[in-house]
Every structure is written in structure tokens, then in C-alpha cells.
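# A structural walkthrough
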Amino acid sequence: MNSLATNLRVVRALGMRSIRQTFRRPQLMAPIIVFPTLLLAIQTGGAGSAINLPGFPPVQSFLQFMLAGAMMQSLMLAGNSGGIALAVDIEMGFTDRLFAAPISRFTIVLGRLAGTAALGLFAALWFLAIGLIFGAEIESGVPGALIAIALVTTCALAVGGIGAAIALRTGSASVVQGLFPLVLVVLFISTAFFPQDLMIEPAKTIAEYNPLSFVVDGIRDPMISGISGSETLDAVLAIAGIAALGLVLSARALRHRVRTG
Amino acid sequence: MPAIVVEGLERAFDEVFAVQGVDLAVDEGEIYGFLGPNGAGKTTTVRMLTTLLLPTGGRATVAGHDVVKEARAVRTSIGVALQEAALDPLMTGRELIRLQATLQGIPTAEGKRRADDLLERVDLAEAADRRVGDYSGGMQRRLDLAAALVHEPRVLFLDEPTTGLDPVSRKTIWEEVRALNDEGTTVFLTTQYLEEADQLADNVGIIDSGRIVAEGTPESLKAEIGNPHIQLTLDEGSIARAEEVCGGIGKLLPPKDGRTVLVEVENGAADIPQVVRALDEAGIAVESLELVRPTLDDVFVEKTGYHLEQEEEESPEGEPVEA
């Protein structure tokens, strides 16, 4: 068996382990599904008339608008949970088992990211199902839903890279867990939960340049209107940027960890 | 051909040397016992030999491969069971062994077969589908050992495989290590238990403060020490006087605790009556008396000036820290 095939098998096996680990540890699963679902329910139940505000984009319902935000929150927390799980592996010595195996050490990171991407996929499907059950329509139909799913899945992988980098650099689950509020802050100063036109300064300007806004707009666009090439392209570029940053930081952190033991 | 060759191996953390100039050689098919207290440099040495930590000086080869330049070839040849079995409590035993087989590049069907065989071998077949977090300490160590064997390694590194285990579990691990060695596997075993090194190892290296202070077969090391000693247990108030009396008969050794006197004697059992008479004449009551043949602890005392097991009792948990 060639080296690439072996490494792909390892990535798949580690990805499967990562998924099982998340489903078996409620404290990893809760932030990915339970919290965003509750927040979605509270926001759509309590602030549904916000869609009548001047400047609010034309949408069928507040739920239709909020689905992209819930997916974004879920994928961000999936990335954070992936980082926590990797840090736990480091703390309990499980990564030593992986480092002592004759594999490319970066497959350890890729395996974790594969698991995070799968959780992103699960989150996308979960919130699409909730939306459809509660009457939200996907304006651009199946192609739009597929674009949203693809963006959520790849963005989960990209964000997971940053979580993995922090885990590898610090080796501390509590440090990665401590980033949980920061994740929410970065998310709240994007267009995930509020239209940019309704924000006040400086949040409005920050949201304009926040890469997460590009991603969330790319996810939301096919749901509330039609597929827009430019919105999708901006989202893809933002995800590529986050992924590149995450992978470079992960590679550097991995090298540092291997060097220092 | 030696399975492990270590020459001048060093590892410094900032300015502190955890390992300083270790030299050793382990022959193919040998069990090498690496004995020392916490913080002596055992784990740091093992981590360098298993490619988990880069040396800052010296060189080492394992199974003929340089641990720095040919790290992946080393990792193909070795099995590793590290201190505090590094297991995922959420996985089942079967999942762990199968994952380990995948990590070693073993095809899926073969990996499943080997997992079943190994779980049977370490008597975990019935618990194979239970989560590792529900296993006892002994079961976890046996699983860790099985995982290290999935690719039939030439050299097996066991870092304190029985620390914290009850005597029955410890014996089970010993039997498995002996069986593996009989099958031709070279075993590098670190331990802080004298009895473990004495029972299992063909050769023993004693490490203290990052340096090898003695090396040889357990028998040759004990022969170096030479004479047996008499261990006397006395009332605490009599210790100083007893030491004075016994010091005139043989050489006093560092005491294990506040109620014992250890005196090395040239003629073994033949010297006991003389010691008893002298103590009786001095009016010192003896609670118990035992003739003790040289052990690896005596070797340790001779080389380091303190008892290994006493050191373990006095060392606060987790200190000093080994990388």
C-alpha cells in the first residue's frame, strides 16, 4: 500500500475517532448542537418582528434569516470543541501514541480536522432540517442548500485548524476552552445575527471586514434570495484564508511540539 | 547486533540537564531494565529513543536506525507503552487496537484479526467492546501492551508498565513480558521497582540525576557489593547505642527508617551470634533480626548513597518532573 493511501486511511480512522469522541462526550456535543439550537429558538421566538425594521433585508421569516447565523455559531464551536479534544489528547498522552507511529505527523491534525468537518456537515444538515420543519424556505432550492452545506463544512474544517493550532501550541484544554467567549464575541461582531445595515459604529465597520461576515453572507444568500456568484466567491475566499492561516499555524505549532516534546 | 546503542545521549530543558551523557547498549533479544527514582531521567531517555523527543546531544540507534535521522524507520520497528497508559477512555478496547493497527499501516482485515488475537492474548476478549474508561488499572496496562504489539515490533519500550498496579496485575504483566522476550522481542523496561528489574532484566542500568551510575547483570551488580548485611529492628531509643555496638563488628549502612540498623558483615550467618551477643551485653533488646543478601537496592545505595524505595516514599507526587 502506498504512503498516500496509508495516510488517507489514518486520516479517516482519526476522523472517525474524533466524531465518536464528540458524540460520546456531551460537553463536546452540547456547544455544537444544543446551544445554537436554543439560541435560535430564543431569538426567533423573541425577536421575530425585527424583520419589519427599516434596513432589514427582505426575508420570508426571521428564522430563515437566522439559520445561517446558527450554522456559523455551530461550526465555530465545532472548531473550538475539536481544539479542546486535541488538547485533552495531549494532556492525557494520547498524542504520544500517535506521534510514536510511523505516519506523517500532520495526518494527526488532518484527522482531527476531518472529524470537525464532518461535525460541520452534521450541523448544516441539522439546521436545514430545523428550518424546513418550522417553515423556512430555501429560496434557491437544492443547489442553494448544497452550497450552504459545502460552505459550512469547509469553514468548520478551516476554523478547526485554528483550534488545533492553539491546542498544539498550548497543550492545555482549559486554554482552548477559555476561547469559547472570544468565539462568540467574534461571531457577534459579524453579520451572523444582525444585518450590517442595522449595526452602529464601530461594530458596523468591524462586521464589514470580519471574514466571518463573508462566510455567513455566502451561506445566507442562497437561503433568503438566490445564488449570487460574488457572495459565494467571497465566502470561498474567506474560508480559504482562514484555512490557510489555520493550517500554517497548526504546522508551526506541531513542529514546535515535536521539537520540544 | 545490538538492538539499541546509545552514545553520550543528552537532553537539556533550558539550562537543566535531564539526561547527561548516557551510554548503553542493548543486545537483540535482551530484557534491559532501566532503574531509577522519579526524575532520574528514565522517561526522558525513553522519549528520545522512541523519537518523541529530540536529543540535545549525543546519538542513539534503535533497530539499526538513527533516532533523529531515521525517525520513521525507528517508529516502524518499535512498540511503545508509555508511563500512565495513554488511552482514550471513550474508546473501546477493540477500537483502540484497530486504530493502532491502522496507524501501523496494517490492512483492515489483518488489523481486525490481530486485534482479536491480541485481546485474547491479554485476556481482554470479553471486555473488548467496553469503554476503556471502565477498565481497571491492570486491564488498561494490558490493553496498552497489546496495542504496542499489534505490528509485532522488534524492540518494545515499556515505561514503568506496572507502576500503581496491584501485585496480581503486576505479575500478569511480568509473565507477558517474559513470554514476549521468549518469542525474540527485545524489551527496554524502565522501572522504579527493584524487584521488577531483578526478576525480569538480563541487564540493568541504574540511572540517577541523568547519569548511568551502574550497569551489568543483576547478579554481577550484586556481586560487586559483596557482603550480606544484618537488618535489626529495635526500639527507637536504642538506635544510637546499637549503631555504636554494631559499628565495631561490621560496616554500618544507611538506615531505611528510624527503627532499623543495617550492618554489613563479612561472614553472613556466621556473624549473627556475635552481633546478638554484643547487643545483649549492651542491654539492647532486639525486636527482630534478619540476614539480607545483597539486592539491587544495596547496589543503588552503594552507587548513590540513598535507598531507591525510601526515595520513592519521600518524593512528593509529580516532583521532580520528567519530560
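Within any chain, residue numbers begin from 1 and follow the written order of that chain's sequence. As they are written, the chains are lettered A onward and the ligands numbered 1 onward, keeping that order. The predicted origin of the model limits local features to residues at a pLDDT of at least 70 and limits the giving and counting of side-chain atom pairs to 80 or more, whereas totals for whole chains, interfaces and linings rest on all residues.

Comment: elements are numbered from the N terminus, with helices defined as DSSP H or I runs of at least four residues and strands as E runs of at least two. Scanning chain B from terminus to terminus reveals 12 helices and 14 strands. Dimensions of chain B, computed from C-alpha atoms along their principal axes, come out at roughly 75 × 45 × 35 Å. Counting only residues that meet the buried cut, chain B has 47% of its 323 residues in that class. Two residues qualify as a contact pair if the distance between their C-beta atoms, derived from the backbone, is within 7 Å. Sequence separation of 24 or more characterises 68% of the internal contacts of chain B that already satisfy a separation of 6 or more. Any residue with 12 or fewer other C-beta atoms within 10 Å of its own C-beta is exposed, any with 20 or more is buried, and the rest are partly exposed; the C-beta atoms used are placed from the backbone.

Counting 150 residues, the largest nonpolar core has A:Met71 and A:Val215 as its most contacted members. Ranked by residue count, the leading element in this core is helix α3 (residues 62-91) of chain A, at 18 residues. Leaving out residues up to four positions away in the same chain, A:Met71 has contacts with A:Ala123, A:Ala124, A:Phe127, A:Val152 and A:Ile219. The nonpolar core is taken to be a set of buried Ala, Val, Leu, Ile, Met, Phe, Trp, Tyr and Cys residues joined by way of C-beta atoms within 7 Å. Counting residues in hydrophobic clusters, the runner-up holds 12 residues, among them B:Ala242, B:Cys246, B:Val261 and B:Val275.

Looking now at the packing of helix α1 (residues 3-24) of chain A against α3(A). Residues and elements named next belong to chain A. Only the stretch in contact is used when fitting a helix axis, every axis being a line fitted to C-alpha atoms; angles between N-to-C directions are given from 0 to 180 degrees. The interhelical angle for the contact between α1 and α3, taken along N-to-C directions, is 100 degrees, at an axis separation of 11 Å. What the angle tells us is that α1 and α3 run roughly perpendicular. For the pair formed by α1 and α3, the contact residues are Ser 18, Gln 21 and Thr 22 on the first element and Ser 81, Gly 82 and Ala 85 on the second. Per-class residue counts for the contact of α1 with α3 are 1 nonpolar, 5 polar and no charged. Each angle receives one of four descriptions, namely roughly parallel if under 35 degrees, roughly antiparallel if over 145, roughly perpendicular if within 65 to 115, and oblique otherwise. Throughout this entry, Asp, Glu, Lys and Arg are counted as charged residues, while Ala, Val, Leu, Ile, Met, Phe, Trp, Tyr, Cys and Pro are counted as nonpolar. The remaining residues, Gly among them, count as polar.

In this section: the pairing of strand β3 (residues 31-35) of chain B. Residue and element names in this part refer to chain B. Burial of β3 is extensive: 5 of the 5 residues sit out of reach of the surface. The side-chain alternation of β3 yields two buried faces, one formed by Ile 31, Gly 33 and Leu 35 and the other by Tyr 32 and Phe 34. In this structure, β3 lies alongside strand β8 (residues 186-191), joined through 5 bridges in parallel fashion. Counted as the bridge partner of Gly 33 is Leu 189 from β8. For two strands to count as paired, DSSP must find a minimum of two bridges between them.

The next point concerns the domain arrangement of chain B. Splitting chain B by domain gives domain 1 (2-222) and domain 2 (227-293). Domain start and stop points were drawn from an automatic or database domain assignment. Distance between the C-alpha centres of domain 1 of chain B and domain 2 of chain B: 41 Å.

Here the focus is the pairing of strand β6 (residues 78-81) of chain B. Residue and element names in this part refer to chain B. Burial along β6 is two-sided: Ile 78 and Val 80 and Gly 79 and Ala 81, pointing in opposite directions, are all buried. Here 4 bridges tie β6 to strand β7 (residues 155-159), and the two strands are oriented parallel to one another. Opposite Val 80, over in β7, you have Phe 157 as the bridge partner.

With that out of the way, let us pick up the packing of helix α2 (residues 26-46) of chain A against helix α5 (residues 106-133) of chain A. How two helices pack is summed up by the angle between their axes together with the distance between the axes. Residue and element names in this part refer to chain A. In the contact formed by α2 and α5, the axes pass within 10 Å of each other and the chain directions differ by 30 degrees. Relative to α5, α2 is oriented roughly parallel. Taken as a pair, α2 and α5 cross one another with a handedness that is right-handed. Here α2 contributes Ile 32, Ile 33 and Thr 37 to the contact with α5, which in turn contributes Leu 119, Ala 123, Trp 126 and Ile 130. For the contact of α2 with α5, the per-class residue count stands at 6 nonpolar, 1 polar and no charged. Rotating anticlockwise by less than a right angle from the far helix to the near helix defines a left-handed crossing, while the corresponding clockwise rotation defines a right-handed one.

If you look at the interface, chain A gives 22 residues, while chain B gives 22 residues. Put simply, the parts of the chain that give the side of chain A that touches chain B at least two residues each are α1 and α4 (94-99) of chain A. In terms of residue class, the side of chain A that touches chain B is made up of 11 nonpolar, 4 polar and 7 charged.

As a further point, take the confidence of the model for chain A. The pLDDT value expresses, per residue, how confident the predictor is, ranging between 0 and 100. Of all residues in chain A, 99% have pLDDT values of 70 or greater, and the mean over the chain is 89. Here α2(A) stands out as the element of chain A with the lowest mean pLDDT, 85, in contrast to helix α6 (residues 141-170) of chain A, whose mean of 93 is the highest.

All right, on to helix α5 (residues 137-148) of chain B then. Residue and element names in this part refer to chain B. The terminal C-alpha atoms of α5, which comprises 12 residues, lie 17 Å apart, in line with the 16 Å expected from a rise of 1.5 Å per residue. Taken across its 12 residues, α5 has 10 buried, putting it largely inside the fold. Taken as a whole, α5 has its buried residues at Met 139, Gln 140, Arg 141, Arg 142, Leu 143, Asp 144, Leu 145, Ala 146, Ala 147 and Ala 148. Residues of α5 that are buried make contact with β6, α3 (93-103), α4 (108-121), β7 and α6 (167-182). Take the residue count of a helix, subtract one, and multiply by 1.5 Å to get its expected span.

The next thing to look at is the sheet that holds strand β13 (residues 260-264) of chain B. Residue and element names in this part refer to chain B. The 4 strands are arranged β12-β13-β11-β14 in an open sheet whose pairing can be described as antiparallel. Two strands lie at the open edges of the sheet, namely β12 (251-253) and β14 (286-292), each paired on one side alone. Neighbour-to-neighbour, the strand axes of the sheet open up by a mean angle of 25 degrees, direction not taken into account. Sheet topology places strand β11 (residues 229-234) next to β14; 6 bridges connect them, and they run antiparallel. Residue pairing across strands places Thr 233 opposite Ser 288, the latter belonging to β14. Contacting β11, β13 and β14, helix α10 (residues 272-281) runs over the sheet at an angle of about 160 degrees to β14.

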